[in-house]
Amino acid sequence: MRPAPRTLLALLALCSAGCAGEDADALVVVGLATDMAVGFELHIIESTTTVDGAVARAERSSYRRGELSLPAELAAQPAHDGALVEVSVAAFRDGEASPLVARTAATRAVGGRTLLLPVSLDAACSAISCPAGATCAAGACVDPFIAPSGLAEHDPTWIASARDACKTPSSGGPAVVIGQGEGAFAPLQHGDVVPIEPGPQGGHHVWLALRVTGLRQMGTRLTVGGYFPELAFELLPFTSLLTLRKAGDAGCEIHGIRFQVDRGLPVESVRGRALDVEIVLEDPDGDVGTAGQRVVIAP
């Protein structure tokens, strides 16, 4: 499992040093989101921001270096009333020179207001090339300029409803299915026998896998616990942050979760025993999914 960093994407600085002044009381907060799986479908984001035509910031953020986590926002530097703020964003896969998706957005700062400028990188735009002066959003070429009157005042809770690869309006409430597998998800039935193998640092473990809907793709916290009913013994739980991958219509999934089953017990005492596995997933919005599954450790 690769931990999902929660550092904010430092995407925008909306004002160069020369544009701030006594009337620099306008703010624009840029909200960047995607329905693609970060770390699997896209790995790098490059952005350029201009204010009144002058480059204010150019930046490159990489998932591999722990710099990229979406959705994210960054409050802008103060800008003067009426300043034209433009941002261009390109998403890349590792090792590819051409962007998977490119997007531009623009608005004007308004004195005394803090605006939220949404920038979404949409999978539906990956095969679309728009003419000059247009950008792709939700699979269609549109005008990149959004009038300030069409933007909402910034509210940090926008992230809870932002586009996400795993948590969509149609995914419903959180749901978790426990499976097994080191390299892929395989289903588990109640009482299935699961193999154990020695770990690299001692102990013996089973490989778990999960299918998940209704929880965020990045930054969801996993807690795994277990109980041997025949031994009246509870295994200490462990926690980790997840980056989920898309799994087609099945939602999202993760495999290769190593769960040690002989912590505090001799391994021979757990062979052939029933184990109740308990899973809790909590995403950054506070939504929680739980699941339980009984398995039998291989003799």
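Residues numbered from 1 in each chain as written. Predicted model: local features only at pLDDT ≥ 70, side-chain atom pairs only at ≥ 80, totals over all residues. Heavy atoms only, no water.

## Side note on unusual backbone geometry
- Cis peptide bonds are those with omega within 30 degrees of zero, and the linkage from Leu70 to Pro71 qualifies with 0°.
- Structurally, Pro71 can be placed in the loop between strand S3 (54-62) and strand S4 (72-75).
- A positive phi is found at Asp52, a non-glycine position, where the angle reads about 55°.
- Considering the arrangement of structural elements, one finds Asp52 in the loop between strand S2 (44-51) and S3.
- Since its relative accessible area comes to 43%, Asp52 is described here as partly exposed. (Helix = DSSP H or I, 4+ residues; strand = E, 2+ residues; numbered from the N terminus. Buried < 20%, exposed > 50% of the residue type's maximum accessible area, 1.4 Å probe, protein only.)

## Remarks on the side chain of Thr135
- Its location among the elements puts Thr135 in strand S8 (residues 135-137).
- A relative accessible area of 4% places Thr135 in the buried class.
- In terms of polar contacts, Thr135 uses its side chain to reach the backbone amide nitrogen of Thr104, at 3.0 Å.
- Leave out the neighbours within four places in its chain, and Thr135 touches Ala102, Arg103, Thr104, Cys130, Ala140, Cys141, Val142 and Pro144. (Polar contact = N/O pair within 3.5 Å; in protein donor to acceptor, adjacent residues only side chain to side chain. Contact = heavy atoms within 4.5 Å.)

## Structural notes on the state of the cysteines
- With the rule as written, the count across this model stands at three disulfides.
- One disulfide in the model links Cys130 with Cys141; its S-S distance is 2.1 Å. Across the disulfide from Cys130 to Cys141, rotation about the S-S bond amounts to roughly -95°, and the bridge is consequently left-handed. Pair noted here: Cys130 is in the loop between strand S7 (114-121) and S8 and Cys141 is in strand S9 (residues 140-142), with a separation of eleven residues, a long-range link.
- The partly exposed category is assigned to Cys141, whose relative accessible area is 39%.
- Across the disulfide from Cys166 sits Cys252; the S-S distance is 2.0 Å. Because the sign of the S-S torsion sets the handedness, a value of about -95° for the bond joining Cys166 and Cys252 places this disulfide among the left-handed ones. Placement of the pair is Cys166 in the loop between S9 and strand S10 (175-180) and Cys252 in strand S18 (residues 252-260), with a sequence separation of 86 residues.
- Here Cys252 falls in the buried class, since its relative accessible area comes to 0%. (Disulfide = S-S within 2.5 Å.)

## Remarks on the sheet that holds strand S19 (residues 274-282)
- What the five strands build is an open sheet, ordered S12-S20-S19-S15-S16; its pairing is mixed. Pairing within the sheet leaves two strands with one partner each, and these edge strands are strand S12 (192-194) and strand S16 (233-243). Put simply, the sheet's adjacent strands are angled 35° from each other on average, direction ignored.
- As paired elements, strand S15 (residues 218-228) and S19 share seven bridges and run antiparallel to each other. Paired with Tyr227 across the two strands is Asp276, which belongs to S19. (Pairing = 2+ DSSP bridges. Axes fitted to C-alpha atoms, helices over the stretch in contact; angles between N-to-C directions.)

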